[in-house]
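Notes for the structure review
The chain contents come next:
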Amino acid sequence: MGMIFMDETDVDIKEIVSSWSLTKLPDETREKTMEWVNTYFYRALDYVRQFPLVVETTLVGLVKTGLIFIENTKNKGEFLLGLMRGLGSNLALDKRAQFGCIVLAWGNLSPIDRNAPWECVVDPSTGSINPYSAKMQDFTVRDLQTSPIVHTASSQALCDSLMVCLKASTPLILVGPVACGKSTILQNCFSQMKSTTVATLACNAHTMSSDIIQKMNQVCVIQSSSLGRVYRPKDTERLVLWIKDINLPKPDNYETVQLISFLQQLISYNGFYDQDNEHFTLDRIQLVCTMAPITAGRHPVSTRFTANTAIFFMDYPKKDHLLQISTAYLAPVMGTSPDVLWRQPGNIQKLASTMLSVFSETQRQLVQEQQSRSRVPPHYIFTPRDLTNWILGLLRYQNEAGTFFEVFKYEAYCIFASRLVAEVHKAAFNSIISTVLKRDWQTTVELKELYFTSWAATETLGKTKKLAKTTQENLHSHVSHAVASYSRDISPLEITLFPDVLTHLASVDRVLSTPGGSLLLVGNTGVGRGTAVALSAYMHRMQVFCPNTTHHYNMKAFSSDLKNA
C-alpha cells in the first residue's frame, strides 16, 4: 500500500473559496462579495495565521469558519465585521483586538472601541459602524434564580456570532475559563431558537461514546428511511446536543480520546455504526460543545475534530461590564430592603462598585502572591461567579435595622475568606474589605462574636430558612442544648465549643440550610469536620449517610450507595 503525505501548504485555499462561492452565495451578490474576498479575505487570513490560536485547528477549519460569517453580507462594513468575528474568533482577546483594528483600517473605518473592535453593529443601509444600543433590564428576585443574561456589549456581540452558526446548524465549540459565563451565553442563544430542544451532557474523565448514544436514545426517535435507520428529534423540529467540558475525558494509551473521535465521526459522516455494524444517520441534530483552556486534568482536542467546527473564545467580563452586571443583579436584591436608602439607584450602583473593588483587590493581592511562589491553588482562584454568589447571598438574611454592613461583610467572608488557608491571607482579606468600606461608605464593621445562622431566623425565602443575627453567647447556649440532645439520642459527643468551633458550625449551617447546598470540608484528621456536619445535620433533623469509599470505589458502588441512602 502506498502512502501520500499532504501538508497544509498543499491545500489551495482559493479553490475552497471558489467552491463555496458557487454553492453558498446568491447570484445577485456573488460578484460583489468575491470582490471583497479578493481584496480583504486572503490578506486577513495571512494576518491571522501569525498569531497563536486558543484551540489548535487546521488552516481549512479556520477558512471554513471565516466563510460562514461573510455569506450574507450586503455591504463592506458587514463584510469586515464578519471577517473580524469569523477569522478572529479563535484568538486571544488582545490579538483579536489588534487584528480587528487592522481589518477596519483596510476598509477606512474607525473602531468604536479599539480594545474590542468587533463589539459593534453595522447599519445595513449605509455600512457605517455603530455601538450596541443599551438594553434596560429590570430583573425580579425570581428572575435571578435562573441566572439571566445582562446584555453588555461583549455579550451581545458574542451572542450575535454564535447565532450565525446556530442558524446555519454549524457545529461549534465555545471556549473560556471556568465560570466566565459560557452556559449563560448559550442558554440565551437557545432561547431565541424556535422549535428547538436542548439535550445536555456533562463530561467527566470517563465519558464515552456510549453516553452520547444513550442521551440521543432518550431525546430522539429512531425511524427507518431510504438511508437506513435515522435519529430524529422527538416532538420538535431541531435538537441541540450540548456537550459540556469535552476536553475532560482522558486519552487512552494511544493518546486518542474515544469521545472526540466519535463526535468527529458524527460531524464528518453525519452518523455512526453501532456495535452490530448497523449504520445510523442523524437528522436535524446539531452539536454544541463547551470547554475550558487546557490545564491539569484537561486534554488537547484533536484537530480532526476542531477542523470541522467553528471555535469561539470568550474571557471574563471587562471591569465596566462586570459593574453593569453586578448593578443589574443587585437592584432586585436591594429592592427587598425596608430601608429606602438602599433602593435608590445611585446607592445600588455605588454598592456594586464597592463589591467589585473588593473582588478585584482580592484577586490582585492574593492571586499575585501565589503566582510569585508557584502555581495558584484552585481554591485561591476567584471568578465572577463568586461575585454573583455574594450578591445573591444577601437575599438569605433577615432584614433587620442597622445590620446591612454586618451582613455585607459576613457574606463576603463566607464566599472568599472561608477558602483561604493561611491566617495571614484571611487578615489580608479583612484589611481589603475594611479599607474599601471605610473609603466608600465611611463605616467600620467588626464581626467579632457575631454570627448569622438559620437557627436564629424567623423568616423564610421560599422553602429556605433565612439567616439571622445572633451573639456568641446565644449560639453557644443553643449548640450546647443540641450537643446534649445528640449525646442522649444518637451517641456521646465530646466537643468543646470554643469560638472557632462555633464559626465552623455556623458555616456548615449556612450550607445545609440551603436546598441542594454542597460543602467541601478540607482539613487534617481530627479537626472536627465530621462532628460539625453530624451535629449541624442533627439540628436540621437531617440524616447523614457516609459511603464506605476505598481505593477501588467506582460509579457502580456509588450508585448502589445512592440507592441505599
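Here, the structure is the one placed above.
Residues numbered from 1 in each chain as written. Predicted model: local features only at pLDDT ≥ 70, side-chain atom pairs only at ≥ 80, totals over all residues. Heavy atoms only, no water.

Okay, the packing of aromatic side chains next. According to the stated counting rule, one finds 30 aromatic pairs in the structure shown. Here the aromatic rings of Trp342 and Phe404 are separated by 4.5 Å at their centres, their planes lie at 35 degrees, and the arrangement is tilted. Of the two residues, Trp342 is situated in the loop between helix H12 (319-334) and helix H13 (345-373) and Phe404 in helix H15 (residues 404-415); the sequence distance between them amounts to 62 residues. A centroid spacing of 5.8 Å and a plane angle of 55 degrees characterise the contact between Phe405 and Trp441, whose relative ring orientation is tilted. In this pair, Phe405 is assigned in helix H15 and Trp441 in helix H16 (residues 423-441), connecting sequence segments 36 residues apart. The two residues Phe405 and Trp441 agree in class, both being buried. Grouped by ring-pair contacts, the aromatic residues Trp342, Phe359, Phe382, Trp390, Phe404, Phe405, Phe408, Tyr413, Phe416, Phe429 and Trp441 constitute a single cluster. The ring of Trp242 has Lys244 sitting right over it, with the charged end atom 4.5 Å from the ring centre. (Phe/Tyr/Trp six-rings, centres within 6.5 Å; stacked < 30°, edge-to-face > 60°. Helix = DSSP H or I, 4+ residues; strand = E, 2+ residues; numbered from the N terminus. Buried < 20%, exposed > 50% of the residue type's maximum accessible area, 1.4 Å probe, protein only. Lys NZ or Arg CZ within 6 Å of the ring centre and 35° of its normal.)

Turning to the state of the cysteines, a few remarks are in order. Under the definition given, this model contains zero disulfides. For Cys101, which is in no disulfide, the shortest distance to another cysteine sulfur is to Cys120 and amounts to 11 Å. A relative accessible area of 12% places Cys101 in the buried class. With no disulfide of its own, Cys220 lies 15 Å from the sulfur of Cys289, the closest cysteine sulfur. Overall, the relative accessible area of 5% leaves Cys220 in the buried class. (Disulfide = S-S within 2.5 Å.)

Pairing between side chains of opposite charge can happen when the charged atoms of each approach one another. In the structure shown here, the tally under the stated rule is 15 salt bridges. With a closest N to O distance of 2.9 Å, Arg30 and Asp27 form a salt bridge. With Arg30 and Asp27 both in helix H2 (residues 27-48) and three residues apart, the pair spans about one turn of that helix. Among the ionic pairs, Lys318 bridges to Glu119, the shortest N-O distance being 3.5 Å. Residue Lys318 is found in the loop between strand S11 (310-313) and H12, and its partner Glu119 is found in the loop between helix H5 (93-106) and strand S1 (121-122); the two are separated by 199 residues along the sequence. The class of Lys318 is partly exposed, set by a relative accessible area of 28%. A single network of salt bridges, built from pairs that share partners, joins Asp113, Glu119 and Lys318. (Salt bridge = Lys/Arg side-chain N within 4 Å of Asp/Glu carboxyl O.)

A separate point is the sheet that holds strand S9 (residues 279-282). In sheet architecture, strand pairing relies on hydrogen bonds along the backbone and comes in two forms, parallel and antiparallel. Pairing within the open sheet is mixed, and its four strands lie in the order S5-S6-S9-S8. Of all strands in the sheet, those with a lone pairing partner are strand S5 (220-225) and strand S8 (271-273), marking the two edges. Across the sheet, the mean angle from the axis of one strand to that of its neighbour is 30 degrees, orientation sign disregarded. In terms of strand pairing, S5 meets strand S6 (residues 228-233) through six bridges, oriented antiparallel. By the bridge assignment for S6, Ser224 is matched with Arg229. Packing against the sheet, helix H10 (residues 258-269) makes contact with S8 and S9, and its axis sits at approximately 125 degrees to S8. (Pairing = 2+ DSSP bridges. Axes fitted to C-alpha atoms, helices over the stretch in contact; angles between N-to-C directions. Contact = heavy atoms within 4.5 Å.)

On to the nonpolar core, then. Within soluble globular proteins, side chains that are nonpolar tend to cluster in buried spots. Leu330, Trp390, Val479 and Leu535 are the most contacted members of the largest nonpolar core, which totals 68 residues. Of the residues forming this core, the biggest block, nine residues, is contributed by H13. Setting aside residues no more than four positions away along its own chain, Val479 makes contact with Trp455, Leu497, Leu502, Leu505, Leu535 and Met539. Core analysis: the second largest hydrophobic core is formed by 39 residues, Leu62, Ile70, Met84 and Cys120 among them. (Core = buried A, V, L, I, M, F, W, Y, C linked by side-chain atoms within 4.5 Å.)

As a further point, take the sheet that holds S11. The strand order across the open sheet formed by five strands is S4-S7-S10-S3-S11, and the pairing between neighbours is parallel. What marks the edges here is a single partner per strand, and that holds for strand S4 (196-202) and S11. Put simply, the sheet's adjacent strands are angled 20 degrees from each other on average, direction ignored. The pairing of strand S7 (residues 238-244) with strand S10 (residues 285-291) spans five bridges and is classified as parallel. Across the sheet, the residue bridging to Ile243 is Cys289, located in S10.

Backbone geometry at Glu255 places phi at a positive 60 degrees, although glycine is not the residue there. Owing to a relative accessible area of 65%, Glu255 belongs among the exposed residues under this scheme. For Arg284, which is not glycine, the phi dihedral falls at a positive 60 degrees. Looking at the element boundaries, Arg284 is found in the loop between S9 and S10. The exposure class assigned to Arg284 is partly exposed, which follows from its relative accessible area of 37%.

Here we come to the side chain of Ser454. Tracing the backbone through its elements, the reader meets Ser454 in the loop between strand S12 (450-453) and strand S13 (460-461). The class of Ser454 is buried, set by a relative accessible area of 1%. Within the structure, Ser454 has its side chain in polar contact with the side chain of Asp509 (distance 2.5 Å). Not counting residues within four places of it along the chain, the set of residues in contact with Ser454 comprises Lys465, Lys466, Leu467, Asp509, Ser513 and His540. (Polar contact = N/O pair within 3.5 Å; in protein donor to acceptor, adjacent residues only side chain to side chain.)

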